[in-house]
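For reference, the chains in residue letters:
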Amino acid sequence: MIQGSAPRDQAVTPLRVALVDDEPPALRRLQMAIEAAPNAEVVGQAGNGEEALALLGRGGVDVVLLDIRMPGLSGLDLARAIDPERAPVFIFVTAFSRFAADAFELAAVDYLLKPVEFDRLHAALERARKALQSRAARSRIAELEEVVAALRAAEAEPAAPSGFADEIWVPDRGDRLRLPVALIDWVEAERDYVRIHSRGRSFLVRKAIRKLQAELDPADFLRVHRGALVRRDRIVRLARRPGGPSAVVLQSGAEVPVARRQAAQVRRIVGNRG
(Lines give C-alpha, C1' and ligand atoms only; values in the text may rest on other atoms or scores of the structure.)
Protein backbone atom coordinates (compact mmCIF):
# COMPACT_ATOMS: atom_id res chain seq x y z
CA MET A 1 0.00 0.00 0.00
CA ILE A 2 1.25 3.48 -0.83
CA GLN A 3 2.15 5.64 2.15
CA GLY A 4 2.39 9.40 1.82
CA SER A 5 5.68 9.47 3.74
CA ALA A 6 7.35 6.70 1.74
CA PRO A 7 10.50 7.66 -0.21
CA ARG A 8 10.20 8.01 -3.94
CA ASP A 9 11.24 4.98 -5.94
CA GLN A 10 13.73 6.26 -8.46
CA ALA A 11 13.21 3.16 -10.63
CA VAL A 12 9.58 4.10 -11.29
CA THR A 13 8.76 6.86 -13.76
CA PRO A 14 6.71 9.55 -11.95
CA LEU A 15 3.10 9.92 -13.01
CA ARG A 16 2.56 13.26 -14.74
CA VAL A 17 -0.54 14.75 -13.11
CA ALA A 18 -2.72 17.68 -14.21
CA LEU A 19 -5.07 19.39 -11.75
CA VAL A 20 -8.38 20.87 -12.92
CA ASP A 21 -10.61 22.73 -10.44
CA ASP A 22 -12.24 26.16 -10.39
CA GLU A 23 -11.64 26.55 -6.63
CA PRO A 24 -8.11 27.81 -5.75
CA PRO A 25 -8.17 26.24 -2.24
CA ALA A 26 -9.01 22.86 -3.79
CA LEU A 27 -6.14 23.23 -6.28
CA ARG A 28 -3.72 24.05 -3.47
CA ARG A 29 -4.79 20.99 -1.49
CA LEU A 30 -4.40 18.74 -4.51
CA GLN A 31 -0.96 20.23 -5.16
CA MET A 32 0.09 19.47 -1.59
CA ALA A 33 -1.25 15.92 -1.85
CA ILE A 34 0.67 15.23 -5.06
CA GLU A 35 3.87 16.65 -3.56
CA ALA A 36 3.49 14.15 -0.70
CA ALA A 37 2.79 11.23 -3.05
CA PRO A 38 5.50 8.83 -4.18
CA ASN A 39 6.29 8.75 -7.89
CA ALA A 40 3.96 11.55 -8.98
CA GLU A 41 4.43 15.15 -10.02
CA VAL A 42 2.18 18.04 -11.07
CA VAL A 43 2.84 19.11 -14.65
CA GLY A 44 0.03 21.63 -15.01
CA GLN A 45 -3.04 23.23 -13.48
CA ALA A 46 -6.24 24.67 -14.92
CA GLY A 47 -9.02 26.67 -13.30
CA ASN A 48 -11.73 25.77 -15.81
CA GLY A 49 -12.56 23.36 -18.60
CA GLU A 50 -11.35 25.59 -21.43
CA GLU A 51 -7.91 26.03 -19.83
CA ALA A 52 -7.77 22.28 -19.21
CA LEU A 53 -8.48 21.53 -22.88
CA ALA A 54 -5.52 23.66 -23.90
CA LEU A 55 -3.32 22.04 -21.24
CA LEU A 56 -4.21 18.49 -22.24
CA GLY A 57 -3.93 19.35 -25.92
CA ARG A 58 -0.21 19.86 -25.42
CA GLY A 59 0.16 16.25 -24.23
CA GLY A 60 2.55 14.96 -21.61
CA VAL A 61 -0.17 14.20 -19.01
CA ASP A 62 -0.78 10.73 -17.59
CA VAL A 63 -3.49 11.45 -15.00
CA VAL A 64 -6.05 14.23 -14.60
CA LEU A 65 -7.63 15.08 -11.25
CA LEU A 66 -10.84 16.56 -12.56
CA ASP A 67 -13.62 18.46 -10.77
CA ILE A 68 -17.11 17.37 -11.89
CA ARG A 69 -19.00 20.65 -11.42
CA MET A 70 -17.38 23.70 -13.01
CA PRO A 71 -18.86 26.78 -14.72
CA GLY A 72 -18.79 26.67 -18.50
CA LEU A 73 -17.24 23.44 -19.70
CA SER A 74 -17.97 20.80 -17.03
CA GLY A 75 -15.68 17.94 -16.10
CA LEU A 76 -17.94 15.54 -18.01
CA ASP A 77 -17.85 17.69 -21.14
CA LEU A 78 -14.09 17.99 -20.87
CA ALA A 79 -13.62 14.23 -20.62
CA ARG A 80 -15.77 13.67 -23.73
CA ALA A 81 -13.90 16.37 -25.66
CA ILE A 82 -10.49 14.73 -25.33
CA ASP A 83 -9.22 12.74 -28.32
CA PRO A 84 -9.51 9.09 -27.22
CA GLU A 85 -6.15 8.30 -28.82
CA ARG A 86 -4.46 10.77 -26.46
CA ALA A 87 -6.72 10.52 -23.42
CA PRO A 88 -5.12 10.36 -19.97
CA VAL A 89 -6.56 8.53 -16.99
CA PHE A 90 -9.31 10.46 -15.21
CA ILE A 91 -9.80 10.64 -11.46
CA PHE A 92 -12.90 12.65 -10.65
CA VAL A 93 -13.02 15.01 -7.68
CA THR A 94 -16.45 15.90 -6.34
CA ALA A 95 -18.28 17.33 -3.35
CA PHE A 96 -21.23 15.07 -4.08
CA SER A 97 -21.42 11.49 -2.80
CA ARG A 98 -24.69 10.36 -4.39
CA PHE A 99 -25.21 8.44 -7.61
CA ALA A 100 -22.71 10.44 -9.66
CA ALA A 101 -19.70 9.49 -7.57
CA ASP A 102 -20.65 5.82 -7.59
CA ALA A 103 -21.28 5.82 -11.32
CA PHE A 104 -18.00 7.46 -12.21
CA GLU A 105 -16.09 4.85 -10.26
CA LEU A 106 -17.30 2.31 -12.83
CA ALA A 107 -15.85 4.29 -15.74
CA ALA A 108 -13.05 6.44 -14.40
CA VAL A 109 -10.18 4.97 -12.44
CA ASP A 110 -11.47 6.46 -9.19
CA TYR A 111 -13.33 9.35 -7.60
CA LEU A 112 -12.43 11.46 -4.59
CA LEU A 113 -14.67 13.36 -2.23
CA LYS A 114 -13.75 16.87 -1.13
CA PRO A 115 -11.87 17.67 0.99
CA VAL A 116 -9.46 15.17 -0.51
CA GLU A 117 -7.63 12.91 1.94
CA PHE A 118 -3.97 12.41 1.05
CA ASP A 119 -3.90 8.64 1.62
CA ARG A 120 -7.07 8.24 -0.46
CA LEU A 121 -5.50 10.22 -3.30
CA HIS A 122 -2.30 8.19 -3.16
CA ALA A 123 -4.31 4.98 -3.45
CA ALA A 124 -6.17 6.44 -6.44
CA LEU A 125 -2.87 7.29 -8.12
CA GLU A 126 -1.73 3.70 -7.71
CA ARG A 127 -4.91 2.54 -9.41
CA ALA A 128 -4.24 5.07 -12.17
CA ARG A 129 -0.75 3.67 -12.71
CA LYS A 130 -2.14 0.14 -13.06
CA ALA A 131 -4.83 1.38 -15.46
CA LEU A 132 -2.23 3.05 -17.64
CA GLN A 133 -0.40 -0.25 -17.87
CA SER A 134 -3.42 -2.37 -18.76
CA ARG A 135 -6.12 -0.29 -20.44
CA ALA A 136 -6.29 1.44 -23.78
CA ALA A 137 -7.32 5.10 -23.82
CA ARG A 138 -10.17 4.48 -26.27
CA SER A 139 -11.86 1.91 -24.03
CA ARG A 140 -11.59 4.21 -21.01
CA ILE A 141 -13.41 7.03 -22.80
CA ALA A 142 -16.03 4.64 -24.23
CA GLU A 143 -16.79 3.38 -20.73
CA LEU A 144 -16.99 6.93 -19.40
CA GLU A 145 -19.46 7.94 -22.11
CA GLU A 146 -21.64 4.91 -21.35
CA VAL A 147 -21.81 5.75 -17.65
CA VAL A 148 -22.46 9.44 -18.37
CA ALA A 149 -25.39 8.42 -20.59
CA ALA A 150 -26.76 6.19 -17.83
CA LEU A 151 -26.33 8.98 -15.29
CA ARG A 152 -28.09 11.55 -17.46
CA ALA A 153 -30.96 9.14 -18.09
CA ALA A 154 -31.29 8.52 -14.35
CA GLU A 155 -31.22 12.26 -13.58
CA ALA A 156 -33.80 12.96 -16.30
CA GLU A 157 -36.19 10.42 -14.75
CA PRO A 158 -35.26 10.31 -11.05
CA ALA A 159 -38.48 8.80 -9.81
CA ALA A 160 -38.87 5.02 -9.91
CA PRO A 161 -42.39 4.26 -8.67
CA SER A 162 -42.33 0.75 -10.16
CA GLY A 163 -40.82 -0.70 -7.00
CA PHE A 164 -38.05 -2.48 -8.92
CA ALA A 165 -34.39 -1.90 -8.06
CA ASP A 166 -32.42 0.63 -10.09
CA GLU A 167 -29.09 -0.15 -8.39
CA ILE A 168 -27.44 -3.06 -6.58
CA TRP A 169 -24.61 -3.04 -4.04
CA VAL A 170 -21.82 -5.41 -5.07
CA PRO A 171 -18.43 -6.30 -3.50
CA ASP A 172 -15.44 -4.83 -5.32
CA ARG A 173 -11.84 -5.39 -4.18
CA GLY A 174 -12.80 -5.37 -0.52
CA ASP A 175 -15.13 -2.38 -0.89
CA ARG A 176 -18.82 -2.02 -1.70
CA LEU A 177 -19.81 -0.59 -5.08
CA ARG A 178 -23.21 0.73 -6.12
CA LEU A 179 -23.87 -0.78 -9.56
CA PRO A 180 -26.67 0.77 -11.65
CA VAL A 181 -29.03 -1.90 -12.95
CA ALA A 182 -28.85 -0.23 -16.38
CA LEU A 183 -25.21 -1.38 -16.65
CA ILE A 184 -25.91 -5.09 -16.01
CA ASP A 185 -25.48 -7.32 -19.08
CA TRP A 186 -26.49 -10.68 -17.61
CA VAL A 187 -26.60 -12.71 -14.40
CA GLU A 188 -25.76 -16.36 -13.77
CA ALA A 189 -26.50 -18.51 -10.74
CA GLU A 190 -23.68 -20.06 -8.71
CA ARG A 191 -25.37 -22.12 -5.97
CA ASP A 192 -26.36 -19.65 -3.23
CA TYR A 193 -24.77 -16.77 -5.17
CA VAL A 194 -25.25 -14.89 -8.39
CA ARG A 195 -22.49 -13.60 -10.62
CA ILE A 196 -23.43 -10.25 -12.14
CA HIS A 197 -21.72 -9.42 -15.45
CA SER A 198 -21.28 -5.75 -16.35
CA ARG A 199 -19.14 -4.33 -19.16
CA GLY A 200 -16.43 -6.97 -19.05
CA ARG A 201 -16.35 -7.32 -15.25
CA SER A 202 -18.20 -9.65 -12.90
CA PHE A 203 -19.30 -9.38 -9.27
CA LEU A 204 -20.22 -12.29 -6.99
CA VAL A 205 -23.20 -11.50 -4.74
CA ARG A 206 -24.65 -13.77 -2.06
CA LYS A 207 -28.25 -13.93 -3.28
CA ALA A 208 -30.41 -16.55 -4.98
CA ILE A 209 -31.13 -15.82 -8.62
CA ARG A 210 -34.88 -16.14 -7.99
CA LYS A 211 -34.71 -13.42 -5.34
CA LEU A 212 -32.67 -11.13 -7.58
CA GLN A 213 -35.09 -11.69 -10.46
CA ALA A 214 -37.95 -10.50 -8.24
CA GLU A 215 -36.07 -7.24 -7.66
CA LEU A 216 -35.51 -6.55 -11.36
CA ASP A 217 -38.04 -5.16 -13.83
CA PRO A 218 -39.26 -8.03 -16.05
CA ALA A 219 -39.62 -5.52 -18.86
CA ASP A 220 -35.81 -5.24 -18.83
CA PHE A 221 -34.65 -8.74 -17.84
CA LEU A 222 -35.51 -12.18 -19.20
CA ARG A 223 -34.90 -15.55 -17.49
CA VAL A 224 -33.48 -17.55 -20.41
CA HIS A 225 -33.02 -20.66 -18.29
CA ARG A 226 -33.13 -21.59 -14.62
CA GLY A 227 -29.58 -20.32 -14.02
CA ALA A 228 -29.40 -17.15 -16.11
CA LEU A 229 -31.01 -13.73 -16.54
CA VAL A 230 -30.13 -11.47 -19.46
CA ARG A 231 -30.93 -7.83 -20.10
CA ARG A 232 -33.27 -7.77 -23.09
CA ASP A 233 -31.66 -4.81 -24.84
CA ARG A 234 -28.25 -6.54 -24.73
CA ILE A 235 -29.44 -9.46 -26.90
CA VAL A 236 -27.97 -9.36 -30.41
CA ARG A 237 -29.14 -12.68 -31.85
CA LEU A 238 -30.28 -16.19 -31.09
CA ALA A 239 -27.70 -18.78 -32.17
CA ARG A 240 -28.69 -22.36 -32.85
CA ARG A 241 -26.26 -25.06 -31.74
CA PRO A 242 -26.40 -28.41 -33.57
CA GLY A 243 -27.23 -31.13 -31.11
CA GLY A 244 -27.48 -28.73 -28.17
CA PRO A 245 -29.51 -25.85 -26.75
CA SER A 246 -29.78 -22.49 -28.45
CA ALA A 247 -27.89 -19.53 -27.00
CA VAL A 248 -28.38 -15.79 -26.94
CA VAL A 249 -25.41 -13.76 -28.09
CA LEU A 250 -25.06 -10.48 -26.21
CA GLN A 251 -23.47 -7.18 -27.25
CA SER A 252 -20.46 -8.07 -25.08
CA GLY A 253 -19.92 -11.27 -27.10
CA ALA A 254 -21.06 -13.53 -24.25
CA GLU A 255 -23.17 -16.54 -25.20
CA VAL A 256 -25.81 -17.67 -22.71
CA PRO A 257 -27.67 -20.98 -23.22
CA VAL A 258 -31.44 -20.74 -23.67
CA ALA A 259 -33.91 -23.26 -22.33
CA ARG A 260 -36.08 -24.83 -25.02
CA ARG A 261 -39.25 -23.31 -23.58
CA GLN A 262 -37.74 -19.79 -23.74
CA ALA A 263 -36.42 -19.98 -27.30
CA ALA A 264 -39.66 -18.76 -28.91
CA GLN A 265 -39.80 -15.70 -26.67
CA VAL A 266 -36.18 -14.83 -27.45
CA ARG A 267 -36.88 -15.18 -31.17
CA ARG A 268 -39.73 -12.69 -30.82
CA ILE A 269 -37.45 -10.20 -29.03
CA VAL A 270 -34.78 -10.47 -31.71
CA GLY A 271 -37.35 -10.41 -34.52
CA ASN A 272 -38.98 -7.22 -33.24
CA ARG A 273 -35.68 -5.39 -33.75
CA GLY A 274 -35.42 -6.27 -37.39
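The sections below set out a description of the structure shown in this document. (Residues numbered from 1 in each chain as written. Predicted model: local features only at pLDDT ≥ 70, side-chain atom pairs only at ≥ 80, totals over all residues. Heavy atoms only, no water.)

A word on the side chain of D110
Piece 1. In this structure, D110 sits in strand β5 (residues 110-113).
Piece 2. Take D110: its relative accessible area is 0%, and that puts it in the buried class.
Piece 3. Polar contacts involving the side chain of D110 include one to the side chain of R120, which spans 2.7 Å. (Helix = DSSP H or I, 4+ residues; strand = E, 2+ residues; numbered from the N terminus. Buried < 20%, exposed > 50% of the residue type's maximum accessible area, 1.4 Å probe, protein only. Polar contact = N/O pair within 3.5 Å; in protein donor to acceptor, adjacent residues only side chain to side chain.)

Examining the packing of aromatic side chains
Aromatic rings in a pair are described by how distant their centres are and how their planes are angled relative to each other.
Piece 1. For the structure on display, the rule yields one aromatic pair.
Piece 2. Residues F90 and F92 carry aromatic rings whose centres are separated by 6.5 Å and whose planes lie at 20° to one another, so their mutual orientation is stacked. Pair check on accessibility: F90 and F92 agree, each one buried. (Phe/Tyr/Trp six-rings, centres within 6.5 Å; stacked < 30°, edge-to-face > 60°.)

Brief notes about the pairing of strand β3 (residues 63-67)
Piece 1. With five of five residues buried, β3 is to be regarded as a mostly interior element.
Piece 2. The pairing of β3 with strand β4 (residues 89-94) spans five bridges and is parallel. Directly across from V64, in β4, lies its bridge partner F90. (Pairing = 2+ DSSP bridges.)

Some points on the environment of I196
Piece 1. Note on placement: I196 falls in strand β9 (residues 193-198).
Piece 2. The exposure class of I196 is buried, given its relative accessible area of 0%.
Piece 3. Separated by 32 residues in sequence, I196 and A228 place their C-alpha atoms 10.0 Å apart.
Piece 4. In this structure I196 touches I168, V170, L179, I184, W186, V187, R201, S202, F203, V205 and L212, once residues within four positions along its chain are discounted. (Contact = heavy atoms within 4.5 Å.)

Don't take any of this as a statement about function, it's just geometry.
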